[in-house]
Amino acid sequence: MPRLAYVDGRVVPLAAAAVNVEDRGLQFADSVYEVVAVLNGRLLDWNGHATRLARNLGELGIPVPMTEAALGLTARRLIALNRAREALLYIQVTRGTARRDHAFAAGMRPTLAMTVRPFDFAQRVAQQAKGVAVVTVPDDRWGRCDIKTTGLLANVLAKQAARGAGAFEAWLVGRDDTVAEGASTNAWIVAGGVLVTPPLTSRVLPGVMRAAVIEAAEGLQVRVEERPFAVAEARAADEALITSTTVPVLPVVRIDGAPVGDGTPGPVAARLAGAVWDRIAVQTGYCP
Ligand SMILES: Cc1ncc(COP(=O)(O)O)c(C=O)c1O
């Protein structure tokens, strides 16, 4: 893959792609982003990502850098120039560059950057068969986790804590002892045949894969409840799982070292994973 990036209207080699040191994305994490799966050279769930990006820009009062249609064309062009087949498209929009000052001036021009990097989705099949471990950590994030901003320090430290403990993901736990989500995934359990995931509050990112999994569950006649669950309920659940663009359904087999169910991936996760791969095949033609 040639590794070309897009920055503010120009396609440049990734190694030469740069923004101004006074860009507010760098200075204040004053920026939002999207990660979109590229499978078989095609974008997965583009509308969901474009809609969420537009909403997040609106929430923060960052002007839209270009129309949704133009953004889609620019993204597809970058994917084609990179000759990307299985990859991740990263889109970041910052409020723009200005002399450093917490308050921002009206009429700033946003910075738009996109990169594409190869990604092996097929590795997930083996992981789906084995399952992964999660650890729980206190949720130290700000109050608007429904907005996908690049202010990810708490998520970064949580993920690092997971890695340090030999786990794949960290579940972020509130003061009320309920699980909000993972450091970069949505969280789910299966209890009594019902698929449970925390409701969309300001503590949870509305995952594009989360929406796809709810749709898949309905298609499989699996009941879905969007309600909080406590760590203790997750530990006692029949199954647990995580989802995201890069992790289309991954069974969780250990929470803080204790097995979930019998410690192996369960049947509901397997059916959901199958349905999500089918959805991917229908949209992109990709089969792992
Ligand atoms: C905190 C957090 N929650 C959930 C998700 C899953 O979102 P999506 O399914 O749109 O990838 C992500 C994705 O990166 C995330 O960072």
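Being a predicted model, the structure only gives us computed values, none of them experimental.

**Student:** Please set out the overall build of the protein chain residue by residue, giving values where relevant.
**Tutor:** Scanning the protein chain from terminus to terminus reveals 8 helices and 15 strands. In terms of C-alpha radius of gyration, the protein chain reaches 19 Å, essentially the compact-globule figure of 19 Å for 288 residues. Principal-axis analysis of the C-alpha atoms gives the protein chain an extent of 55 × 40 × 35 Å. Taking all 288 residues of the protein chain together, 49% fall into the buried category. A separation of at least 24 residues holds for 73% of the contacts in the protein chain among residues at least 6 apart in sequence. Looking at the protein chain as shown, the accessible area adds up to about 12,900 Å², and 55% of this sits on carbon and sulfur atoms. Charge-centre separation for the protein chain: the mean point of 31 positive side chains lies 6 Å from the mean point of 28 negative side chains.

**Student:** Quick rundown of the site of the ligand? Include the residues and the values.
**Tutor:** Taken together, 16 residues lie around the ligand, and Arg52, Glu181, Val208, Met209 and Thr245 are the ones closest in. In the environment of the ligand, an oxygen atom lies 2.8 Å from a nitrogen or oxygen atom belonging to the backbone of valine 208. Judged by the fraction of its atoms near the pocket grid, the ligand is located in the largest pocket. Secondary-structure elements contributing two or more residues to the shell around the ligand are strand 9 (179-182) and helix 6 (208-219). Along the lines of polarity and charge, the residues of the shell around the ligand split into 5 nonpolar, 8 polar and 3 charged.

**Student:** How would you sum up the environment of glycine 9? Please name residues and give values.
**Tutor:** As for its position among the elements, glycine 9 is in the loop between strand 1 (4-7) and strand 2 (10-13). Between the C-alpha atoms of glycine 9 and threonine 111, which are 102 residues apart in sequence, the distance is 9.6 Å.

**Student:** Any details on the nonpolar core? Residues and values, ideally.
**Tutor:** Judged by nonpolar contacts, the single largest core of 29 residues is most densely connected at Phe121, Leu195, Val213, Leu241 and Leu272. Counting only elements with at least two residues in this core, the list comes to strand 3 (31-39), strand 10 (186-191), helix 6 and helix 8 (267-284). Two domains share this core, each providing at least three of its residues, namely domain 1 (4-119) and domain 2 (124-284). With near-sequence residues (within four places) excluded, leucine 272 lies in contact with Leu195, Val213, Ala216, Ala217, Leu220, Leu241 and Val249. If you look at the next biggest cluster of nonpolar residues, it comprises 24 residues, including Tyr6, Ala50, Met114 and Ile147.

**Student:** Outline empty space enclosed by the protein, supporting the account with residue identities and numerical values.
**Tutor:** Over the atoms a probe the size of a water molecule is rolled, and this reveals where empty space is left. Evaluated as defined, the whole model comprises 1 cavity of 30 Å³ or more. In this structure, the largest cavity encloses a volume near 30 Å³. Taken together, Asp238, Glu239, Ala240, Pro251, Val252, Val253, Val260, Thr264, Pro265, Gly266 and Ala269 make up the lining of the largest cavity. Within the residue set of the lining of the largest cavity, elements represented by two or more residues are strand 13 (239-243) and strand 14 (250-255). Broken down by class, the residue content of the lining of the largest cavity amounts to 7 nonpolar, 2 polar and 2 charged.

**Student:** Provide a residue-level description of the environment of alanine 234, including the pertinent values.
**Tutor:** Turning to its location among the elements, alanine 234 is positioned in helix 7 (residues 231-235). For the pair formed by alanine 234 and arginine 175, sequence separation is 59 residues and the distance between their alpha carbons is 16 Å. Residues in contact with alanine 234, not counting those within four places in the same chain, are Trp171, Ile189, Phe229, Ile255 and Val260.

**Student:** Which residues make up the pattern of salt bridges, and what are the values?
**Tutor:** The full count for this structure, using the stated rule, is 17 salt bridges. Between arginine 24 and aspartate 30 there is a salt bridge whose closest N-O contact spans 2.7 Å. The burial state of arginine 24 is the same as that of aspartate 30; both residues are buried. Among the salt bridges present, the one from arginine 141 reaches glutamate 181, with a minimum N-O distance of 2.6 Å. With arginine 141 in the loop between strand 7 (132-138) and helix 5 (153-164) and glutamate 181 in strand 9, this pair connects stretches of sequence that are 40 residues apart. The same class applies to arginine 141 as to glutamate 181, namely buried. Among the ionic contacts, a cluster of salt bridges with common partners joins Arg55, Glu59, Arg144 and Asp146.

**Student:** Please set out a nonpolar patch on the surface residue by residue, giving values where relevant.
**Tutor:** Taken together, the side chains of Leu153, Val156 and Leu157 define a hydrophobic patch exposed on the protein surface, amounting to about 310 Å² of accessible area. With respect to the secondary-structure elements, leucine 157 resides in helix 5.

The rules behind the values
Residues numbered from 1 in each chain as written. Predicted model: local features only at pLDDT ≥ 70, side-chain atom pairs only at ≥ 80, totals over all residues. Heavy atoms only, no water. Helix = DSSP H or I, 4+ residues; strand = E, 2+ residues; numbered from the N terminus. Rg over C-alpha atoms; globule rule 2.2 N^0.38 Å. Buried < 20%, exposed > 50% of the residue type's maximum accessible area, 1.4 Å probe, protein only. Contact = heavy atoms within 4.5 Å. Areas by Shrake-Rupley, 256 points an atom, 1.4 Å probe, with all protein chains shown as cover. Lys, Arg positive; Asp, Glu negative; His and termini not counted. Charge placed at Lys NZ, Arg CZ, Asp CG, Glu CD. Near = heavy atom within 4 Å. Polar contact = N/O pair within 3.5 Å; in protein donor to acceptor, adjacent residues only side chain to side chain. 1 Å grid on protein atoms, 1.4 Å probe; cavity = no way out; pocket = protein on both sides within 12 Å on 5 of 7 lines; lining within 4 Å. Sits in = over half its atoms within 2 Å of the grid points. Nonpolar A, V, L, I, M, F, W, Y, C, P; charged D, E, K, R; others polar. Core = buried A, V, L, I, M, F, W, Y, C linked by side-chain atoms within 4.5 Å. Domains from an automatic or database assignment. Points joined across faces, edges and corners; volume = space filled by probe spheres on them. Salt bridge = Lys/Arg side-chain N within 4 Å of Asp/Glu carboxyl O. Patch = residues over 30% accessible without salt bridge, like charges linked within 9 Å, V, L, I, M, F, W, Y side chains within 5 Å.

Everything listed is a geometric property; what it means functionally is a separate question.
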